[in-house]
Amino acid sequence: MIKLDAMENPFQIPDSLKEAWNERLSSVDINRYPDADMADLRAKIAHHAGVNADQILLGNGSDEIIQMIIMAIDPGTCVVPAPTFVMYDLISRWFKRPVATVPLARDFNLNANQFLQVCGREKAEIAFLACPNNPTGNLWPEETIARIANGFDGLLVIDEAYGPFSERTHTHLIASNVLVLRTFSKLGWAGLRLGYVIGESDTIAHLNKVRMPYNINALTQAAASFLLDHFDLFEMQAAEIKTERERMSTALETFNGVKTYPSQANFILIQVPDANAIFDQLKVRGILIKNMHAAGGLLSNCLRITIGSTDENDAVLAAMDEIINGAPA
Ligand SMILES: Cc1ncc(COP(=O)(O)O)c(C=O)c1O
């Protein structure tokens, strides 16, 4: 299958790096517990993010950090836009935390007043804003995010999982009750499971109390430290994915009946006349994307396509041409 369902980076570690990479990994003493404090790696990531090491907490993917945040904060409602990344809702419910949703507009825009009203009405303790949002791909205006950050009394988590593909970051909004969440997954390290959250040092120290001591294994720590020394490579790949995203968006828009939504992420959401049929026919042709139709509402007949390599993207366009225009294989 051409796998375009989970926002993974299509590129592998180049052969030129593999020898040094193998050497680094084989030098790890896996008979020993990993460094529980992860001092070196945190310092390196902090440097990369332009903050102090005590402002960073690492997690086994940002999913684990979402879980830590939901565990650490006082009981009370979690407010999220709808639709958004499902784990905020799922993990809140695992911990018996009520969830209130604020529906996005038809164009997936978010109304900051409405969001703050719901937060006030519910006396919310936590809110999550994915910037850019998944599965819609759009990035809400900076004023919207800033208004919510300034007007909300609870803990606001600005999730920048797709930040590497978008036009801005939100670290300037960090405050005692505002965190910025990031992951290396979408940049090409999904298999390593490494995310981090940036906040004020007191907030980070509070979250650190619910972190399992060895949540980042020794191989991930060594791998991430090595890869951070070659970060320009991943930035170049992200730039290539952004170029491909624009090409795909323009090409998909030309198909009859296909509506593409603007994206600042490494995927594109499209609406088609019959999402189930197109999803199935792509699958028959060996292409796996994400069918959002079952979510209903604004996502009815929507499909989410991760941006792959040029060849993979060409395969999607050729398959869509066959399915929609009946072009020969
Ligand atoms: C908005 C958002 N946040 C967080 C994640 C989780 O990423 P990971 O746990 O791989 O770091 C995802 C994954 O799709 C996502 O879409």
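Calculation notes
Residues numbered from 1 in each chain as written. Predicted model: local features only at pLDDT ≥ 70, side-chain atom pairs only at ≥ 80, totals over all residues. Heavy atoms only, no water. Near = heavy atom within 4 Å. Polar contact = N/O pair within 3.5 Å; in protein donor to acceptor, adjacent residues only side chain to side chain. Areas by Shrake-Rupley, 256 points an atom, 1.4 Å probe, with all protein chains shown as cover. Helix = DSSP H or I, 4+ residues; strand = E, 2+ residues; numbered from the N terminus. Expected span 1.5 Å × (residues − 1). Buried < 20%, exposed > 50% of the residue type's maximum accessible area, 1.4 Å probe, protein only. Arc of directions from axis to C-beta. Contact = heavy atoms within 4.5 Å. Domains from an automatic or database assignment. Buried area = accessible area lost by both parts, 1.4 Å probe. Salt bridge = Lys/Arg side-chain N within 4 Å of Asp/Glu carboxyl O. Nonpolar A, V, L, I, M, F, W, Y, C, P; charged D, E, K, R; others polar. Axes fitted to C-alpha atoms, helices over the stretch in contact; angles between N-to-C directions. Left-handed = near helix turned anticlockwise from the far one by under 90°. Patch = residues over 30% accessible without salt bridge, like charges linked within 9 Å, V, L, I, M, F, W, Y side chains within 5 Å.

1. Digging into the site of the ligand
Piece 1. With respect to spatial proximity, 14 residues lie near the ligand, and among them Ser-62, Asp-159, Tyr-162, Thr-183 and Ser-185 are the closest.
Piece 2. At 2.6 Å from an oxygen atom of the ligand is found a side-chain nitrogen or oxygen belonging to Tyr-162.
Piece 3. Within the contact set of the ligand, an oxygen atom lies 2.6 Å away from a side-chain nitrogen or oxygen of Thr-183.
Piece 4. When the free accessible area of the ligand is taken as 400 Å², the share hidden by the protein chains comes to 92%.

2. Quick look at helix α11 (residues 310-325)
Piece 1. For α11, built from 16 residues, the straight-helix expectation of 22 Å at 1.5 Å per residue is met to within 8% by its first-to-last C-alpha distance of 22 Å.
Piece 2. Taken together, the buried positions of α11 are Asn-313, Val-316, Leu-317, Ala-319, Met-320 and Ile-323. Along the axis of α11, the buried residues cluster in a sector spanning 165 degrees; they form a single face.
Piece 3. Of the surrounding elements, those touching the buried residues of α11 are α9 (231-253), β10 (267-271), α10 (275-284), β11 (287-288) and β13 (302-306).
Piece 4. Following α11 by one or two positions, Gly-326 has its phi on the positive side, about 65 degrees.

3. Details of the domain arrangement of the chain
Piece 1. The domain architecture assigned to the chain consists of domain 1 (2-10 + 232-325) and domain 2 (28-230).
Piece 2. With centres defined by C-alpha atoms, the gap from domain 1 to domain 2 works out at 26 Å.
Piece 3. Taken together, the 24 residues of domain 1 in the interface contact 25 residues of domain 2.
Piece 4. Together, the buried faces of domain 1 and domain 2 total about 2000 Å²; carbon and sulfur atoms form 63% of this surface.
Piece 5. On the domain 1 side of the interface with domain 2, the three residues burying the most area are Phe-234, Gln-264 and Leu-298, jointly 36% of the side's total.
Piece 6. Where domain 1 touches domain 2, the interface holds 0 salt bridges.
Piece 7. Taken together, the links from domain 1 to domain 2 amount to 8 residue pairs in polar contact (both at pLDDT 80 or more).
Piece 8. Mapped onto the side of domain 1 that touches domain 2, the elements with two or more residues apiece are α9 and β10.
Piece 9. The element contributing the most residues to the side of domain 1 that touches domain 2 is α9, with 8 residues.
Piece 10. Classifying every residue of the side of domain 1 that touches domain 2 gives 14 nonpolar, 5 polar and 5 charged.

4. So, the packing of helix α1 (residues 15-26) against helix α8 (residues 218-228)
Piece 1. Contact geometry of α1 with α8 gives a least axis separation of 9 Å together with a crossing angle of 145 degrees. Where α1 crosses over α8, the handedness of that crossing is right-handed. Across from Leu-17, Ala-20, Trp-21, Arg-24 and Leu-25 in α1, the residues of α8 making contact are Leu-219, Ala-222, Ala-223, Ser-225, Phe-226 and Leu-227.
Piece 2. Residue composition of the contact of α1 with α8, by class: 9 nonpolar, 1 polar and 1 charged.

5. Description of the pattern of salt bridges
Piece 1. Summed over the entire model, instances satisfying the criterion amount to 13 salt bridges.
Piece 2. Between Lys-3 and Glu-8 there is a salt bridge, with the nearest N and O atoms lying 3.2 Å from each other.
Piece 3. Relative accessible area serves as the criterion here: at 41%, Lys-3 is assigned to the partly exposed category.
Piece 4. One continuous salt-bridge network, built from bridges that share partners, spans Lys-3, Asp-5 and Glu-8.

6. Topic: a nonpolar patch on the surface
Piece 1. A surface patch of nonpolar side chains, about 470 Å² in accessible area, is lined by Met-71, Val-86, Leu-90, Trp-94 and Phe-95.
Piece 2. Per-element tally for the nonpolar patch: the top contributor is helix α4 (residues 86-94), with 3 residues.
Piece 3. Looking at the secondary structure, you find Val-86 in helix α4.

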